[in-house]
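# Report on the structure
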Amino acid sequence: MVGGQHVRDVTLFITLYLLLSLIPFVVLNRDNLSGVSDQALSNPVIPAVAGTALLVIVSGLFLASEGVDRYNQFLFAPTDFLSILVESSFIIAAMSWWLVPELSMRLDTPLPTDMVLFVILLCQVPMILFLSLMTAVGKA
């Protein structure tokens, strides 16, 4: 059974990630969002895939709740270089969703969409690696 502490930790982790990623993305792309949402909702596969992905991610965070707890401790009380490195990986991962496309658009020759997505996913790797390591330490 999932305790209240784990629910609070996962909720805090997801909320902070969404505040750093989703809100700036929506503000920067508010002109294009209505067309994209209409197109996405017209295809029933896209909401199903997005819902499944969301369920898998949230379930994974609950399974890695020890790591999420340690991540939250590093985020809110950095004490040394390692905690600042962990905090930076989280911030870079969250901000990459809107920062990489913005930087790409400002280049003389914008990057292709698949390259932008690759760079965004590459920015997620350090956060996922630290989360995995902290979960393994918590379970050991």
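Scroll up a little and you will see the structure.
Here goes a summary of the coordinates provided.

Cut-offs used in this document
- Residues numbered from 1 in each chain as written.
- Predicted model: local features only at pLDDT ≥ 70, side-chain atom pairs only at ≥ 80, totals over all residues.
- Heavy atoms only, no water.
- Core = buried A, V, L, I, M, F, W, Y, C linked by side-chain atoms within 4.5 Å.
- Buried < 20%, exposed > 50% of the residue type's maximum accessible area, 1.4 Å probe, protein only.
- Helix = DSSP H or I, 4+ residues; strand = E, 2+ residues; numbered from the N terminus.
- Axes fitted to C-alpha atoms, helices over the stretch in contact; angles between N-to-C directions.
- Parallel < 35°, antiparallel > 145°, perpendicular 65-115°, else oblique.
- Left-handed = near helix turned anticlockwise from the far one by under 90°.
- Contact = heavy atoms within 4.5 Å.
- Nonpolar A, V, L, I, M, F, W, Y, C, P; charged D, E, K, R; others polar.

## With respect to the nonpolar core
- Within the largest apolar cluster, 15 residues are counted, with the highest numbers of intra-cluster contacts made by Phe-13, Tyr-17, Leu-61, Val-68, Tyr-71, Phe-90 and Met-127.
- The set of elements that each furnish at least two residues to this core consists of helix 1 (4-28), helix 4 (65-76), helix 5 (81-106) and helix 6 (113-139).

## So, the environment of Ile-91
- On the secondary structure map, Ile-91 appears in helix 5.
- Separated by ten residues in the primary sequence, Ile-91 and Phe-81 have C-alpha atoms spaced 15 Å apart.

## With respect to the packing of helix 1 against helix 4
- Closest axis-to-axis distance for the helix 1/helix 4 pair is 9 Å, and the angle between their directions is 55 degrees. Overall, the two elements helix 1 and helix 4 adopt an arrangement that is oblique. The handedness of the crossing between helix 1 and helix 4 is left-handed. Of the residues in helix 4, those in contact with Gln-5, His-6, Asp-9, Val-10, Leu-12, Phe-13 and Leu-16 of helix 1 are Ser-65, Val-68, Asp-69, Tyr-71, Asn-72, Leu-75 and Phe-76.
- Within the contact of helix 1 with helix 4, the residues separate by chemical class into eight nonpolar, four polar and two charged.

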